[in-house]
Amino acid sequence: MRVLFKVYRYQPETREDAYFDSFEFDAEPTDRVLDGLNHIKWHLDGTLTLRRSCQHGICGSDALRINGVNRLACKVLIGDVGSKIKIEPLMGFTVIKDLVVDMDRFFSHYRSVMPYFVNDEAPPDRERLQSVEARDAYDDTTKCILCAACTTSCPSAWSNPDFIGPAAIVQAHRFIFDDRDEGSEERLAALGQRDGVWRCRTVFNCTRACPKEIQITKAIGEVKKAIVADRS
Ligand code: SF4
Ligand code: F3S
Ligand code: FES
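The structure reproduced in this document is the subject of the present report.

Each value, and the rule that gives it
- Sequence positions are assigned chain by chain, starting from 1 and proceeding in written order.
- Whichever chain is written first is A, and whichever ligand is written first is 1; the rest continue in order.
- Note on the predicted model: pLDDT of at least 70 is required for a residue's local features to be given, and 80 or more for side-chain atom pairs to be given and counted; whole-chain, interface and lining totals, by contrast, use all residues.
- Excluded from the side-chain calculation are hydrogens and water; included are all heavy atoms of the structure.
- Only DSSP runs of H or I with at least four residues qualify as helices, and only runs of E with at least two residues qualify as strands; both kinds are numbered from the N terminus onward.
- In this analysis, two residues are considered to be in contact whenever any of their non-hydrogen atoms come within 4.5 Å of each other.
- We call a residue near a molecule or strand whenever a single non-hydrogen atom of that residue lies within 4 Å of it.
- Each residue is assigned to one of three groups, with Ala, Val, Leu, Ile, Met, Phe, Trp, Tyr, Cys and Pro labelled nonpolar, Asp, Glu, Lys and Arg labelled charged, and all others, Gly among them, labelled polar.
- Residue burial is assigned from relative accessible area. The probe radius is 1.4 Å, only protein chains are included, and a residue is buried under 20% of its type maximum, exposed over 50%, and partly exposed in between.
- Two strands form a pair only when DSSP identifies at least two bridges running between them.
- The directions from the helix axis to the C-beta atoms are what the arc is built from.
- Here, the term nonpolar core denotes a set of buried Ala, Val, Leu, Ile, Met, Phe, Trp, Tyr and Cys residues that are joined through side-chain atoms within 4.5 Å.
- With axes taken as lines fitted to C-alpha atoms, and helix axes fitted only over the stretch in contact, angles between N-to-C directions fall between 0 and 180 degrees.
- Each angle is binned into one of four classes, with values under 35 degrees roughly parallel, values over 145 roughly antiparallel, values of 65 to 115 roughly perpendicular, and all other values oblique.

1. With respect to the environment of Y110
Relative to the assigned elements, Y110 resides in helix α3 (residues 104-112). Excluding anything up to four places from it in sequence, Y110 contacts P115, L146, A168 and Q171.

Right under this line is the structure:
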């Protein structure tokens, strides 16, 4: 099939304003949108700048707005989005170049929830055992690949960049509901602050955007309940 990629460009070293470039070429319906972007980069315009790595939905580096919807370019087939494909960087972040955005604030929010296991007790001889039910409590949020598709689809995050955002809450959830972890009090205190979970207005855009199908709004609700329980 013949495809037309309309790609957002911002090349501050040569031009002040952002613009769109069009690229027309042949592709298979079973090619992924990332294959199309790689074709442009490798054969049509080597200056096109984008992040990607694993090409298999694991690293989370190629989340982009594809025809207006946040998706991973490596998980979307060209045949499923049609012959005219508009590619833009994620919303709400400063664009550094073309499709590459500045994610410093995103990762600063991520670090603020202590996204690591906390337990000062001496480790047992073997692994720290856990029941199947206890593992289930946070199974969904272990799937997060930090792609930022959720946070950059959230109106609360667009209007307030200090909002910690759904991705950081998902990461916190993974540890708060792990019954072997002992850092929840500190995490819940951080998430209960002014720009923490209460900035979530239950819009559900995040849940719709997640390429790993994590029930993000549900997880945020569970964290809200845990904060209330912790305070009472
Ligand atoms: Fe991406 Fe989903 Fe993790 Fe958000 S929760 S960063 S959308 S994988
Ligand atoms: Fe935003 Fe998701 Fe809440 S879109 S408002 S974090 S439910
Ligand atoms: Fe790694 Fe798409 S390139 S998730």
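2. Considerations on the site of ligand 1
Taken together, 13 residues surround ligand 1, and among them C144, C147, A148, C150 and C210 come closest. Residues that form the shell around ligand 1 fall into these classes: twelve nonpolar, no polar and one charged.

3. Side note on the pairing of strand β3 (residues 63-66)
Side-chain alternation along β3 places A63 and R65 on one buried face and L64 and I66 on a second face that is also buried. One ladder, built from four bridges, connects β3 with strand β4 (residues 69-72); its direction is antiparallel. Among the inter-strand pairings, R65 is bridged to a residue of β4, identified as N70. Connecting the antiparallel pair β3 and β4 is a turn made up of two residues, with N67 showing a positive phi of about 50 degrees. As paired strands, β3 and strand β5 (residues 84-88) are joined by two bridges and run antiparallel to one another. Opposite R65, over in β5, you have E88 as the bridge partner.

4. Some words on unusual backbone geometry
Notably, Q55 is not glycine yet its phi reads approximately 65 degrees, a positive angle. Take Q55: its relative accessible area is 22%, and that puts it in the partly exposed class. Residue N67 is not a glycine yet carries a positive backbone phi of 50 degrees. Tracing the chain through its elements places N67 in the loop between β3 and β4.

5. Regarding helix α7 (residues 184-191)
One turn of the α-helix equals 3.6 residues, which is why residues spaced by three or four share an orientation. Buried residues of α7: S184, R187, L188 and L191, and no others. Buried positions in α7, seen along its axis, are confined to an arc of 95 degrees and lie on one side of it. Among the exposed residues of α7, those pointing more than 90 degrees away from its buried face are E185 and E186. Buried positions along α7 lie against α6 (165-176) and α9 (216-231).

6. Some words on the nonpolar core
In terms of nonpolar packing, the biggest core is built from 62 residues, with F5, V7, V33, L37, I66, I87 and L191 touching the most fellow members. The element best represented in this core is α6, accounting for six residues.

7. Quick word on the packing of α7 against α9
Packing of α7 against α9 leaves a shortest axis separation of 10 Å and a crossing angle of 105 degrees. One way to sum up the angle between α7 and α9 is to call them roughly perpendicular. Contacts between α7 and α9 pair E185, L188 and L191 from the former with V223, A226, I227 and D230 from the latter. Classifying every residue of the contact of α7 with α9 gives five nonpolar, no polar and two charged.

8. Comments concerning the sheet that holds strand β1 (residues 2-9)
Picture the strands of a sheet paired through backbone hydrogen bonds; they go either parallel or antiparallel. Strand order in this open sheet of five strands is β2-β1-β5-β3-β4, and the pairing throughout is mixed. Only two strands of the sheet have a single partner each, and these edge strands are β2 (19-26) and β4. The mean inter-strand angle of the sheet, taken between neighbouring strand axes irrespective of direction, is 35 degrees. Relative to β2, β1 is paired through eight bridges, and the arrangement is antiparallel. From the neighbouring strand, R2 faces β2, where its bridge partner is D26.

9. Focus: the site of ligand 2
Neighbouring ligand 2 are C154, S156, P166, C200, R201, T202, V203, F204, N205, C206, T217 and I220. Listed by contribution, the elements that provide at least two residues to the shell around ligand 2 are α8 (205-209) and α9. Along the lines of polarity and charge, the residues of the shell around ligand 2 split into seven nonpolar, four polar and one charged.

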